[in-house]
Amino acid sequence: MSDIKPFILVDGSSYLFRAFHALPPLMTRSGQPTGAIKGVVNMLQKLMNSHEPTHMAVVFDAKGPTFRNEIYSEYKAHRPPMPDDLRVQIEPLHNLIRAMGLPLICIEGVEADDVIGTLAHLVGAQGIPTIVSTGDKDMAQLVNEHVTLFNSMNDTVLDVEGVKKKFGVPPELIIDFLALMGDKVDNIPGAPGVGEKTALKLLQGIGGIEALYGNLDKIAALDFRGAKSMGKKLETYREQVECSYRLATIKLDVELDVGYESLMLCEPDNDALIELYKTLEFKTLLKALSDDGDINSEHAANAKPIEFDTVLEEAQLDHCIAQLERSHLVAFDTETTSIDYMDAELVGLSFAVSDEQGGEYAAYIPVAHDYEGAPQQLTREYVLDRLKPIWASSTLKKVGQNLKYDLSVLSKYDVTVNNIAYDTMLASYVLNATSSRHDLDTLALKLLGHTNISFEEVAGKGKDQVTFNKVPLERASAYAAEDAVITLRLHQTLMQALEKQPSLMSLFAELEMPLMPILAKVERNGTLIDAERLNQQTQELVDKMAALETQAYELAGEPFNLASTKQLGEILFNKLNIPVIKKTPKGAPSTAEPVLQELSHDYPLPKVILEYRSYAKLKSTYTEKLPKLIKVRTGRVHTSYHQAVTATGRLSSSDPNLQNIPVRTEEGRRIRQAFIAAKGCRIIAADYSQIELRIMAHLSNDEGLLTAFRDGCDIHAATAAEVFGEPLEQVTPDHRRSAKAINFGLIYGMSAFGLARQLGIPRYDAQTYIDLYFERYPGVKAYMDQIRASAHEEGYVETLYGRRLYLPEINSRNKQRQQAAERTAINAPMQGTAADIIKRAMLSVDRWLVEERLDTKMIMQVHDELVFEVPEQEVEHVREGVARLMASASELAVPLVVDVGIGDNWDEAH
């Protein structure tokens, strides 16, 4: 049977759930979710490319209960209902699989596992090699000399020895293993008190369920905690364990009207595929099919095996450099000891290039693998010195994935990289910022149908994980070279997409790419932190929290854990009988912040809890954490800016998160006081004034708003005068406060209900204010109506600079989701344009600082604010230059106003 291709059984239900949860959501313009469908198709194509089967079946669970529900009514009772966004993808996926020519099986009354088990048993018994493609551990019971499991997410194969190694028991004891442990996901009860370790001790020490119940008296002698009482416990729960055994057993005798011979792959129905691809808006698949009618052609070019050199000798390095020098573009990646760019030490470098014929060359150059038995490697200093002409070349373009990290690592070794042309992470982000994940593994699977070697596969998991310098070279080289090659292939795919959309290509090439090395520099500059001041504030917060704790106990009439939502709920809703205004998805009364905010208007305890939580958050997130983040080498804190996270183009940051430090509270401002200037320097903070309202004036072209901004009016007072019909000089502070809430509320799509809650007024009055606002500013109303209609039609909105903001839920059948998307449609162009403008300002300011040869450092970017550490002799020059450049970063119909402050710390300068 050696020349027979393996029979492939695909656990379609497993594929579907994994694709839905692992990949970014996709949606057609009409609101049809398609992400899981696209993911399953990619996984199936990869499977077929790698195994080239002649016989195959994709098996799905059918609707309705199965025989297991008759055995145990609570079977799978705890599973939440299937999300609507997944449910609506099942039928089109089934249609697509059939059109691909793949046999599909779905049988009522049993699970997909049982159908797969029966087919594997029957076909394997004929001596035909059978592969079950699944991620379900229960399937390990099917493994034998003819049946293996294949996990397509990480390309791992489980044969008999593999099952023993992974689970600690052979395949024939897997059912016993599952029956003893139980399964929370499927609600299989198991034996109380028996977890994985205990189950293994029982099975390895005595045998399966039958053997255990024949030798209950011998269990006490086994070496595990609780062994002495385990025999009695198993006897007590014998019926439950035996029930669990039946539930965990995959049937091998399902009545089928198909067999191996009838499960042959058929020719794809190209006409049906074309219609489905059109409906699902799978443009790349449709194009591939239109070009040559071959559904697999999309990934055929990317399915080439990855070949590479491991460079250990000078002659090999000479050859590698020659390959790089004759290319016009090189993809590269660094392998290091840490994901923290400030701590990371360089372990190796990988490169990939391709020629005009599509041939690829890839290499991994290890420089610091130091495990026992590691081969001799070229030194880090020698390799970097030889590669400096490559880095310095202004003609050889460089591409990478998340290059900001690599630039900072290389800068530690005095390596400057010129002609940084492309970053695949940023290219993916510019194409669709709504896709929440732009990491290499996700992009490889999504765009190339390729599953990358995971870091855990080469370095281990959890406490057993080693740093990359300890990874054996054979595994390290394959992992590293793959990163460079896949980056190069992704670049080729992404550029084709960007080149078709000139506005997005311009945004990528002229804004995001030039900004990336500037952000790397800002990160490395870091900021000084006064640790002693923060430690003192921590103690003060502890004292305040203790006082609030005492106050809460008095109000509750008893002590309780203020951090426990369960205990708080008991006190609020059971003991104090405060009304429940919202419940969690699991049905418990909610104690979330918005709920407590609403309750705090009428009840004192929620107000105390909110204050306690705010202090606890400041303490844990900032006053305690910031001193621990100070790097010994620099004495500074170095945040990480994320350029490809938010949907609107704004930067986010982490470790520390600079975007969420409160500015309106005294305690929040005190944290900013700990961000200090170096000796002989001052802090300059430059902040755009009301930039989103100014962008609204520009986009809406409303004459009233334009006039107010052009005349330099207080926009909130001017709005109050318009809405409340008062002369400008007679506007009261309360009127101005209400007008400010309206101005900012409306650009965030706030409803009358939301405005009423914020101002503490009746909903009718709030609606009256909104109506008056739109009467006075009709251009704003017209803009909002127009942008909503455009969003429904196009499925996206754009910023002033062409950044595209997709709205997957804009045509959702769920009204609440659709309304939320409409609110986003109104605000996103303003917030996104503001993000584009401050990025343009960063480019201008950085260029000016370099040209002027100033020692000033840009040290932070927070929302609409840039922060600098400035030598005292440069303060006036920088204050004037930064204000001028930021104000001229964009030409709007109204002036951009920049507020500039100077101080010894960030709070003073803000």
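Just so it is clear, the structure is predicted and the values come from calculations on it, not from any experiment.

Draft legend 1. Structural view of the nonpolar core. With 190 residues, the main nonpolar core has Leu387, Trp391, Phe508 and Tyr688 as its most contacted residues. A total of 14 residues in this core trace back to one element, the largest contributor, which is helix 36 (residues 815-851). In terms of nonpolar packing, the next biggest core, distinct from the first, is built from 54 residues, Leu149, Ala191, Leu212 and Tyr213 among them.

Draft legend 2. Just unusual backbone geometry, in detail. Residue proline 656 is bonded to the preceding aspartate 655 through a cis peptide linkage, with omega at 0 degrees. Relative to the assigned elements, proline 656 resides in the loop between strand 16 (652-654) and helix 28 (666-673). Of note in this structure, glutamate 52 is not a glycine but carries a positive phi near 45 degrees. With respect to the secondary-structure elements, glutamate 52 resides in the loop between helix 2 (35-51) and strand 2 (56-59). Phi is positive for glutamate 281, close to 60 degrees, though the residue is something other than glycine. With respect to the helices and strands, glutamate 281 occurs in the loop between helix 12 (270-280) and helix 13 (283-292). Of the residues examined, glutamate 281 reaches a relative accessible area of 34% and is grouped as partly exposed.

Draft legend 3. Highlighting the pattern of salt bridges. In total, this model carries 40 salt bridges according to the counting rule given. Here lysine 470 ties to aspartate 370 by a salt bridge, and the two come within 3.2 Å at their closest N and O atoms. In this pair, lysine 470 is assigned in the loop between helix 20 (455-459) and helix 21 (473-499) and aspartate 370 in the loop between strand 10 (360-366) and helix 16 (380-392), connecting sequence segments 100 residues apart. Note on lysine 470: relative accessible area 36%, which makes it partly exposed. For aspartate 370, a relative accessible area of 44% puts it in the partly exposed group. Ionic pairing is found between glutamate 865 and arginine 672, a salt bridge with its closest N-O pair at 3.8 Å. Of this pair, glutamate 865 sits in strand 22 (residues 865-871) while arginine 672 sits in helix 28, and the two are 193 residues apart along the sequence. Taking relative accessible area as the criterion, glutamate 865 reaches 2% and is therefore assigned buried. When salt bridges that share partners are traced, they join Glu512, Arg803, Asp836 and Lys839 into one network.

Draft legend 4. Geometry of the packing of helix 1 (residues 12-22) against helix 4 (residues 84-99). In contact at an axis separation of 11 Å, helix 1 and helix 4 are set at 130 degrees when each is read in the N-to-C sense. Put simply, helix 1 runs oblique to helix 4. In this structure, the crossing between helix 1 and helix 4 has a hand that is right-handed. Note on element contacts: helix 4 touches helix 1 through Asp85, Leu86, Gln89, Ile90 and Leu93, opposite Leu16, Phe17 and Phe20. Considering only residue class, the contact of helix 1 with helix 4 consists of 6 nonpolar, 1 polar and 1 charged.

Draft legend 5. Expanded view of the environment of lysine 287. On the secondary structure map, lysine 287 appears in helix 13. For lysine 287, a relative accessible area of 46% translates into the label partly exposed.

Draft legend 6. Looking closely at the packing of aromatic side chains. With the rule as written, the count across this model stands at 15 aromatic pairs. Consider the rings of tyrosine 422 and phenylalanine 508, whose centres lie 6.5 Å apart with planes at 10 degrees: the pair is stacked. One end of the pair, tyrosine 422, is in strand 12 (residues 420-423); the other, phenylalanine 508, is in helix 22 (residues 502-525), with 86 residues separating them in the sequence. Tyrosine 422 sits in the buried class, given a relative accessible area of 17%. Taken together, a centroid distance of 5.8 Å and an interplanar angle of 75 degrees make the contact between tyrosine 773 and phenylalanine 774 edge-to-face. Grouped by ring-pair contacts, the aromatic residues Phe332, Phe351 and Trp391 constitute a single cluster. Lying over the aromatic face of phenylalanine 282, lysine 38 brings its terminal NZ or CZ to 5.3 Å of the ring centre. Across from the ring centre of tryptophan 906, 3.9 Å away, lies the NZ or CZ of arginine 672, which sits over that ring.

Draft legend 7. Molecular detail of the sheet that holds strand 11 (residues 397-400). Taken in spatial order, the 6 strands of this open sheet run 7-10-9-8-11-12, and their pairing is mixed. Sheet topology places strand 7 (309-310) and strand 12 at the edges, where each strand pairs with a single neighbour. Sheet analysis places strand 7 next to strand 10, joined by 2 bridges and oriented parallel. Following the sheet pairing, threonine 310 is matched in strand 10 by tyrosine 364.

Draft legend 8. Spotlight on the pairing of strand 12. For strand 11 and strand 12, the ladder comprises 3 bridges, and the chain directions are parallel. Within strand 12, the residue paired with valine 399 across the bridge is tyrosine 422. In terms of handedness, the path from strand 11 via helix 17 (residues 403-411) over to strand 12 forms a crossover that is right-handed.

Cut-offs and rules
In this convention, every chain numbers its residues from 1, walking through the sequence in written order. With pLDDT at 70 or above as the cut-off, local features in this predicted model cover only qualifying residues; side-chain atom pairs require 80 or more to be listed or tallied, and sums for whole chains, interfaces and linings still use all residues. No hydrogens and no water enter the side-chain calculation; it runs on all heavy atoms of the structure. Think of a nonpolar core as a cluster: buried Ala, Val, Leu, Ile, Met, Phe, Trp, Tyr and Cys residues, connected wherever their side-chain atoms sit within 4.5 Å. When accessible area is computed with a 1.4 Å probe and restricted to protein chains, residues below 20% of their type maximum are described as buried, those above 50% as exposed, and intermediate ones as partly exposed. Put simply, DSSP H or I for four residues or longer makes a helix, DSSP E for two residues or longer makes a strand, and each gets a number counted from the N terminus. We define a salt bridge as a side-chain nitrogen of Lys or Arg found within 4 Å of a carboxyl oxygen belonging to Asp or Glu. Convention adopted: a line fitted to C-alpha atoms gives each axis, helices being fitted over their contacting stretch, and angles between N-to-C directions are expressed from 0 to 180 degrees. An angle below 35 degrees is treated as roughly parallel, one above 145 as roughly antiparallel, one from 65 to 115 as roughly perpendicular, and anything else as oblique. Crossings are classed by handedness, with left-handed meaning an anticlockwise turn of the near helix from the far one by less than a right angle and right-handed meaning a clockwise turn. We call two residues in contact when some of their heavy atoms are within 4.5 Å. Lys, Arg, Asp and Glu make up the charged group, whereas Ala, Val, Leu, Ile, Met, Phe, Trp, Tyr, Cys and Pro make up the nonpolar group; the residues left over, Gly among them, are polar. The criterion for an aromatic pair is that two Phe, Tyr or Trp rings (for Trp, the six-membered ring) have centres within 6.5 Å, with stacked assigned to planes under 30 degrees apart, edge-to-face to planes over 60 apart and tilted to the rest. Only Lys NZ and Arg CZ are tested; either one counts as a charge over a ring when it is within 6 Å of the ring centre and within 35 degrees of the ring normal. For two strands to count as paired, DSSP must find a minimum of two bridges between them. When the strands point away from the viewer and the connection leading from the first strand across the helix to the second strand turns clockwise, the crossover is called right-handed.

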